[in-house]
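Here is what each chain is made of, one letter per residue.
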Amino acid sequence: KTFLQLSSKLNPITFTRNTLLNTDLLDVNKFINMNTNMIQMHEQKSIPNGPWDTLKNKVDFDLPSKDRSSFHSEYMDLLNDYLSSCVNNRRFSGFHSMHSYGASEILDDLSEDDEYDHFNNNDNNNFEKELKECLIPLLLVGHYNKIDLGQLLMEQYQSSNFSKINEYISRSSLFDEMEANRNIDLAEKDKVKTMLINYLKCYTKYIEKPIPGHINQISSTFKPFNDKIDNILSYYSKLNFCINQQNMIKTRPIQFDVYFVPPSAPNDLDDLKVSGMIKSCPDNRFGADNGTEEIYHLLASQQAQKLMDPVDDDSRNNKKINLLIVRKNINHTNYDILYLFVDELPYDLAKSNNSCFKYNELLWKLNTKRDVISSGNKLNVDSFKYSTNYNLFSISYHLHSKESNSTNNSYFYFNGFGSKITKQNIFSKWSLVFDSKHGNNEISYNISINHLFENNNNNKIETTQTVNNNDEFGQYLFGLKYTFCSYQRTSRQTLTFPKDVLQHGLKQIAEFDEQQQLYYYLTWSCKMQLIHKQYLHFSLKHRQPKEIAIFNTELTEIHSKEALYTVAVLNSKYNDHNNHYRNNNNNKPKWKMNAFMTGKQIYNIYGISSDDLPKGSRYI
């Protein structure tokens, strides 16, 4: 009654997730009861120092338009040349299944379920126009602000495990705040949002697709790489050792691309003839009996060092080093043929156009898609013969700096898929692109993943609270607003049900009217949800509390007939700052039930999508 009286004296208020972006909601029942505190909560519309503020403080989206120097036109020419040449050569992921979108249409198309599966590739002019309109704006912003925003955005999308872009966008921190925060200027928000989404869609369509999070998301027509994952990882380990520890490639910046031809491919690559090429084969090795160990001896040889020797200060640094590995036997590397040679790039990686390759990983990736053997287009990473039929697998090292490995990253490409190489990707995703027959996609105990990344900063994680490097910056902006997993059952009691919460819940529940019966039902339901992995632990990025747990009660709200969930918070005594309590009270429940909520209420308060809520034991 009090709330209604207050509301009648004020302008109408719509309560959305915007209401509680920065509210310490430890007593959610106050929200559900809709008391007068909601009037004050409604005024807290933005996240102080949240993703939007952080982006605006570090990135000026108007910088490219302010540059009137000759560099702007030179850089535009370089970008146009790169994209145009790739259009003409059809060097794009999954080009056989593309439809042309105009830049203005890409954002509108997000509501469609089928995002880019029915494309038309007949019109090169529209294709080229789309690439330039959708990719170049963000590339320019990244270069002028010295932050590769496009790469940071793609890394977060690729690591999100969402197969559809609109699913990722709905859960990304920055996009979520742009949607909910009414204090953001509408024109500015639309400009930034359109630029980011256009880049995301166009890049995924034409450059590389993220590896799906599950095999069920891969097309039934997909042809995996027909080799053992152990063989590729052994080569990758040896290459990392030579580059990161032995410093065998001294030139910086320089690109080093490694291409693997599977054992099942034709044998017409056994005797290639390329000017300056160095060959290692079983009859003519540099120091080892098998291909994996031969990598060290090959790169350490005088011929290879001369081939890769740093260029003179007065000459152009436009080399790309290629290593072509023709695999011969799926069980070992003894008969592998190795070819080492250099390719000339159209632009200088170091000096051309004010080092425009420094903050633009996309240009490096387009270099990887150039012809491996340029004479007669005999071999290309996306060619029909070796990519569609036999699946050429490639690893690319982007070696930017001499001083530190922090900007030297490695990437992989295969059959339209691609991503930065990380421990997590190797563990969780690489097996999906290798043939599962006979366990070829299983990593053996002989391969040490940690050893693969010695002196490799692809997996370096800073724990400081401030955003002080690009990786943290990208994760803070474009990472998911929450993560979740099944809560692991332990010997301790999981959840306690306060009497006042249960008593209040009786007003919401259609199936029960006695507190004791409700308590017994919830106790057994909680045990069932734990067994069936339907008790979910959520970590929230920009909200309070930072951690909650949810399970589906499989009861219904008395008025709306919607499903009700229990939402639990960490027990007030169980927190990271009270180690004595944690160590000496192991039988105390970790979680305390806080409220019953519908899916809509959970979304409005915590921003958790209904698709991510637990289904319930009885449902599954």
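Each remark here, short or long, concerns the structure printed above.
Quick caveat, the model's predicted, so the values are computed rather than measured. (Residues numbered from 1 in each chain as written. Predicted model: local features only at pLDDT ≥ 70, side-chain atom pairs only at ≥ 80, totals over all residues. Heavy atoms only, no water.)

Engineer: Got a minute to help me understand the overall build of the chain in this structure?
Structural biologist: Looking only at helices and strands, the chain features 24 helices and 15 strands. The contacts of the chain with a sequence gap of at least 6 include a subset with a gap of at least 24, amounting to 75%. Here the chain displays about 28400 Å² of accessible surface, and carbon together with sulfur accounts for 46% of that area. (Helix = DSSP H or I, 4+ residues; strand = E, 2+ residues; numbered from the N terminus. Contact = heavy atoms within 4.5 Å. Areas by Shrake-Rupley, 256 points an atom, 1.4 Å probe, with all protein chains shown as cover.)

Engineer: Can you help me understand helix α12 (residues 186–206) in this one?
Structural biologist: Structurally, the α-helix is built with 3.6 residues per turn, so residues lying three or four positions apart point the same way. The terminal C-alpha atoms of α12, which comprises 21 residues, lie 30 Å apart, in line with the 30 Å expected from a rise of 1.5 Å per residue. Among the residues of α12, the N-terminal cap falls to Asp185, whose side-chain oxygen and the backbone nitrogen of Ala187 are separated by 3.3 Å. (Expected span 1.5 Å × (residues − 1). Polar contact = N/O pair within 3.5 Å; in protein donor to acceptor, adjacent residues only side chain to side chain.)

Engineer: Hey, could you run me through the pattern of salt bridges in this one?
Structural biologist: Opposite charge on two side chains makes pairing possible when the charged atoms of those side chains draw close. For the coordinates displayed, the defined rule picks out 22 salt bridges. In this structure, Glu155 and Lys420 form a salt bridge, with 3.6 Å as the shortest nitrogen-oxygen distance. Of the two residues, Glu155 sits in helix α9 (residues 149–159) while Lys420 sits in strand β9 (residues 417–420), which places them 265 residues apart along the sequence. Neither Glu155 nor Lys420 differs from the other in exposure class; each is buried. Lys238 serves as the salt-bridge partner of Glu293, at 3.2 Å between the closest nitrogen and oxygen. Taken together, the positions of Glu293 in helix α14 (residues 291–300) and Lys238 in helix α13 (residues 229–245) put the pair 55 residues apart, joining distant regions of the chain. Using a relative accessible area of 37% as the deciding quantity, one classes Glu293 as partly exposed. Taken together, the shared-partner salt bridges in this structure form one network comprising Arg171, Asp611 and Asp612. (Salt bridge = Lys/Arg side-chain N within 4 Å of Asp/Glu carboxyl O. Buried < 20%, exposed > 50% of the residue type's maximum accessible area, 1.4 Å probe, protein only.)

Engineer: Got a minute to help me understand a nonpolar patch on the surface in this structure?
Structural biologist: Among the surface-exposed residues, Tyr519, Tyr520 and Trp524 lie close enough to one another that they form a single nonpolar patch of about 370 Å² accessible area. By the secondary structure assignment, Trp524 is in helix α22 (residues 515–531). Classification of Trp524 as exposed rests on a relative accessible area of 55%. (Patch = residues over 30% accessible without salt bridge, like charges linked within 9 Å, V, L, I, M, F, W, Y side chains within 5 Å.)

Engineer: What is the right way to read the sheet that holds strand β10 (residues 482–486) from this model?
Structural biologist: Paired through their backbone hydrogen bonds, the strands of a sheet run either parallel or antiparallel. Read across the sheet, six strands follow the order β10-β12-β13-β14-β15-β11 without closing on themselves; strand pairing throughout is mixed. Because the sheet does not close on itself, it has two edges, and the strands there are β10 and β11 (495–496). Across four bridges, strand β12 (residues 536–540) lies against strand β13 (residues 547–556) in antiparallel orientation. Residue His537 lies in a different strand from β13, and its bridge partner there is Ala549. Contacting β11, β13, β14 (563–570) and β15 (591–598), α22 crosses the sheet at an angle of about 115 degrees to β13. Taken strand by strand, helix α24 (residues 599–606) contacts β12, β13, β14 and β15, and its axis lies near 115 degrees from that of β15. (Pairing = 2+ DSSP bridges. Axes fitted to C-alpha atoms, helices over the stretch in contact; angles between N-to-C directions.)

Engineer: Can you walk me through the packing of helix α4 (residues 51–58) against helix α11 (residues 173–180) in this structure?
Structural biologist: Angle between the axes and distance between the axes: these two values describe a pair of packed helices. Where α4 meets α11, the axes come as close as 8 Å, and the angle between the chain directions of the two elements is 105 degrees. Of the possible angle classes, the one that applies to α4 and α11 is roughly perpendicular. In contact with Pro51, Trp52 and Leu55 of α4, α11 contributes Ser173, Leu174, Glu177 and Met178. Residues belonging to the contact of α4 with α11 are distributed by class as follows: five nonpolar, one polar and one charged. (Parallel < 35°, antiparallel > 145°, perpendicular 65-115°, else oblique. Nonpolar A, V, L, I, M, F, W, Y, C, P; charged D, E, K, R; others polar.)

Engineer: Looking at this structure, how should I read the pairing of β9?
Structural biologist: Strand residues, when the strand is regular, have side chains that alternate between the two faces of the sheet. Of the strand pairs in this sheet, strand β8 (residues 409–414) and β9 are connected by four bridges, and their pairing is antiparallel. Looking at β9, one finds that Phe414 is bridged to Phe417. Linkage of β8 to β9, two consecutive antiparallel strands, is achieved through a turn of two residues, within which Asn415 is found at a positive phi near 50 degrees.

Engineer: Looking at this structure, I do not really get the environment of Ser572. What am I missing?
Structural biologist: Mapped onto the secondary structure, Ser572 falls in the loop between β14 and α23 (579–584). Judged by relative accessible area, Ser572 falls into the exposed class, the value being 56%. Taking the C-alpha atoms as reference, Ser572 lies 8.7 Å from Trp591; in sequence the two are 19 residues apart.

Engineer: Can you help me understand α14 in this one?
Structural biologist: Regarding α14, the residues found buried are Gly291, Thr292, Glu294, Ile295, Leu298 and Leu299. Along the axis of α14, the buried residues cluster in a sector spanning 140 degrees; they form a single face. Contacts from the buried residues of α14 go to α13, β2 (278–280), α15 (302–307), β3 (319–326) and β4 (337–344). Where α14 begins, one side-chain oxygen reaches toward the backbone nitrogen of Thr292, 3.2 Å away; that side chain belongs to Asn290. (Arc of directions from axis to C-beta.)

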